[in-house]
Amino acid sequence: HSNREMWFQDLFPPNMCPINAKTNTFYGIMFDAGSTGTRIHIYTFVQKSPEILPELEGEIFESVKPGLSAYADQPEKGAESVKRLLDMAIDAVPPHLWKKTPVVLKATAGLRLLSEEKAQALLSEVKEVFEESPFLVPEDSVSIMDGSYEGAVLNVMWFAGQLSGQNQHTTGTLDLGGASTQITFLPRFEETLKESPRDFLTSFEMFNSTYKLYTHSYLGFGLKAARLATLGALNTEVADGQMFRSSCLPKQLEAEWHFGGVKYRYGGNKEGETGFKPCYLEVLKVVKGKLHQPDEIRGSSFYAFSYYYDRAADTNLIDYEQGGVLEVRDFERKAKEVCDNMERFSSASPFLCMDLTYITALLKEGFGFRDNTLLQLTKKVNNIETSWTLGATFHLLQSLGITY
Ligand SMILES: Nc1nc2c(ncn2[C@@H]2O[C@H](COP(=O)(O)OP(=O)(O)O)[C@@H](O)[C@H]2O)c(=O)[nH]1
Ligand SMILES: [Ca+2]
């Protein structure tokens, strides 16, 4: 279908062809440079007339691991991983639209955790790759994204009903990345606006509407950063051969782990305690009192993405393809099951107990959700990855005047 359309457009420029007179097809290329991987999203939009919003027609998605921050000391190699993904766009976008197709990379928490100097070196190598490509390179095309923007574009997408259809009961979105975590919702009560820190509230314009949002990104509270925090290894100088131990890990375990360009040695409590109870106490130190708890969300339901989804799927709480609906207490039940029977889960990641326990503590003690708060776990809707990248691309196309 799309091949025919391209053939058609090449022969008859849209403005000369009566059938096509009002149909406008355009593309947007958005890179998500996350802490654990780099992903390219190539979106196709179709706008049938100036009065209605463009529709998302399709997406091409590809990803590579590790993320850019793993190339902290080899920025050129990092940029190379971006170039390989960008080559896909050369094939995906028809040549006559290259110059009108913007390419943007937004880095999230992984780069925020690097030194300014190393992060900038990576970004400028990537910028060079973009400049050498045939695509439109807007100003600020390569940057570290503001955490609240990340939350906003993810949430607004859902509210605009572009993807989700009508779901009036779900108030907001939760995203759990490797290095940071976001919470975003549309406040319903005046009280929430009054008692929230000022920088947690933002106005956001999209789809010709203004949304007043509560949104915050907690840096260092992503799943992988939380592992380090639980081990006591986050933001510390790691001495050579230093060993970090936790009751959340299998007793006999001793291993190595690379994150953000640093090598960590970690292991279980050989002699001491292991299991859910001591683990929960360890993890609690990481979250307790560290997050703002808006009253009105305690019993609301939320969409939950990324590692919430991945860990729920890993432990069969939801179907890997379909997703599902869970209560907060389901994560706790599963955390107990895994932590109190670590031998039985030895084929899974050694961090499974810690991850599930962290998710439980983050939801209950961090955000203050109730045991029966509903979480809607979703990965794809109509075959489109649910990601902030779609909202950000839409926003970008609007600001460049590429849509009508
Ligand atoms: N559905 C979906 N999940 C994604 C996508 N990109 C990343 N993720 C998830 O995001 C998590 C990793 O977070 P990451 O983005 O690397 O770290 P961050 O920089 O802290 O946000 C994992 O759970 C991934 O499965 C995507 O395009 N679609
Ligand atoms: Ca992310």
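Predicted model only: the values in this text are computed from it and were never measured. Residue positions are counted from 1 within each chain, in the order its sequence is given. The lettering of chains begins at A and the numbering of ligands begins at 1, in the order of writing. Under the rules for a predicted model, residues below a pLDDT of 70 receive no local features and side-chain atom pairs below 80 are neither given nor counted, while totals for whole chains, interfaces and linings still include all residues. With hydrogens and water set aside, each side-chain value is computed from the structure's full complement of heavy atoms.

**Considering helix H8 (residues 276-287)**
Part 1 of the reasoning: An ideal rise of 1.5 Å per residue puts 16 Å on twelve residues; H8 measures up with 16 Å between its terminal C-alpha atoms.
Part 2 of the reasoning: With a 1.4 Å probe rolled over the protein chains alone, any residue whose accessible area is under 20% of its type maximum counts as buried; one over 50% counts as exposed, and the rest are partly exposed. Under the DSSP-based scheme used, a helix requires at least four consecutive residues in state H or I and a strand at least two consecutive residues in state E, with every element numbered from the N terminus. Among the twelve residues of H8, nine are classified as buried, and the element is accordingly described as predominantly covered.
Part 3 of the reasoning: Along its buried surface, H8 packs onto helix H7 (223-231), strand E10 (243-246), helix H10 (328-339) and helix H11 (352-366).
Part 4 of the reasoning: In the segment just after H8, glycine 289 is the residue with positive phi, at about 75 degrees. The span expected for a helix works out to 1.5 Å for each residue beyond the first. What makes two residues a contact is simply this: any of their non-hydrogen atoms within 4.5 Å.

**Some thoughts on the site of ligand 1**
Part 1 of the reasoning: One heavy atom within 4 Å of a molecule or strand is enough for the residue carrying it to be called near that molecule or strand. Around ligand 1, 22 residues are found, and the nearest of them are Thr36, Thr108, Ala179, Asp310 and Glu385.
Part 2 of the reasoning: Identification of polar contacts relies on pairs of N or O atoms within 3.5 Å, with a donor-acceptor requirement for protein atoms, meaning one able to donate a hydrogen and the other able to accept it, and with residues adjacent in sequence counted only if both atoms are side-chain atoms. In this structure, an oxygen atom belonging to ligand 1 sits 2.8 Å away from a side-chain N or O atom of arginine 39.
Part 3 of the reasoning: A distance of 3.0 Å separates an oxygen atom of ligand 1 from a polar backbone atom of glycine 178.
Part 4 of the reasoning: Accessible areas in this description were obtained via Shrake-Rupley with a 1.4 Å probe; residue shielding takes into account the shown protein chains only. Against a free-state accessible area of 580 Å², the protein chains account for coverage of 89% of ligand 1.
Part 5 of the reasoning: Elements that contribute at least two residues to the shell around ligand 1 include exactly strand E2 (38-47), helix H3 (109-112) and helix H9 (307-314).
Part 6 of the reasoning: Each residue is assigned to one class: nonpolar for Ala, Val, Leu, Ile, Met, Phe, Trp, Tyr, Cys and Pro, charged for Asp, Glu, Lys and Arg, and polar for all the others, Gly among them. Residue classes in the shell around ligand 1 are distributed as four nonpolar, twelve polar and six charged.

**Let's talk about the domain arrangement of the protein chain**
Part 1 of the reasoning: How far each domain reaches was decided by an automatic or database domain assignment. Domain assignment breaks the protein chain into domain 1 (2-145) and domain 2 (147-383).
Part 2 of the reasoning: Between domain 1 and domain 2, the C-alpha centre-to-centre distance is 28 Å.
Part 3 of the reasoning: Contacts between domain 1 and domain 2 engage 15 residues on the former and 16 residues on the latter.
Part 4 of the reasoning: Summed over both partners, the accessible surface that disappears when two parts come together, traced with a 1.4 Å probe, is what is meant by buried area. Interface area, domain 1 with domain 2, both sides summed: about 1200 Å², of which 66% is carbon and sulfur.
Part 5 of the reasoning: Salt bridges are defined as contacts in which a side-chain nitrogen from Lys or Arg sits within 4 Å of a carboxyl oxygen from Asp or Glu. Applying the counting rule to domain 1 against domain 2 returns one salt bridge.
Part 6 of the reasoning: Here the side of domain 1 that touches domain 2 gets three residues from one element, more than from any other, and that element is H3.
Part 7 of the reasoning: Split by residue class, the side of domain 1 that touches domain 2 holds seven nonpolar, five polar and three charged.

**A look at the state of the cysteines**
Part 1 of the reasoning: Two cysteine sulfurs form a disulfide in these notes if their separation is within 2.5 Å. Tallied over the full model, the rule gives two disulfides.
Part 2 of the reasoning: Paired by a disulfide, cysteine 248 and cysteine 279 hold their sulfur atoms 2.1 Å apart. Torsion about the S-S bond of the cysteine 248 and cysteine 279 cystine: about 105 degrees, corresponding to right-handed handedness. Of this pair, cysteine 248 sits in the loop between E10 and strand E11 (254-259) while cysteine 279 sits in helix H8; the two residues are 31 residues apart in sequence, bridging distant segments of the chain.
Part 3 of the reasoning: On the basis of relative accessibility, which here comes to 0%, the residue cysteine 248 falls in the buried class.
Part 4 of the reasoning: Across the disulfide from cysteine 339 sits cysteine 353; the S-S distance is 2.1 Å. Its S-S torsion of approximately 100 degrees makes the covalent link between cysteine 339 and cysteine 353 right-handed.

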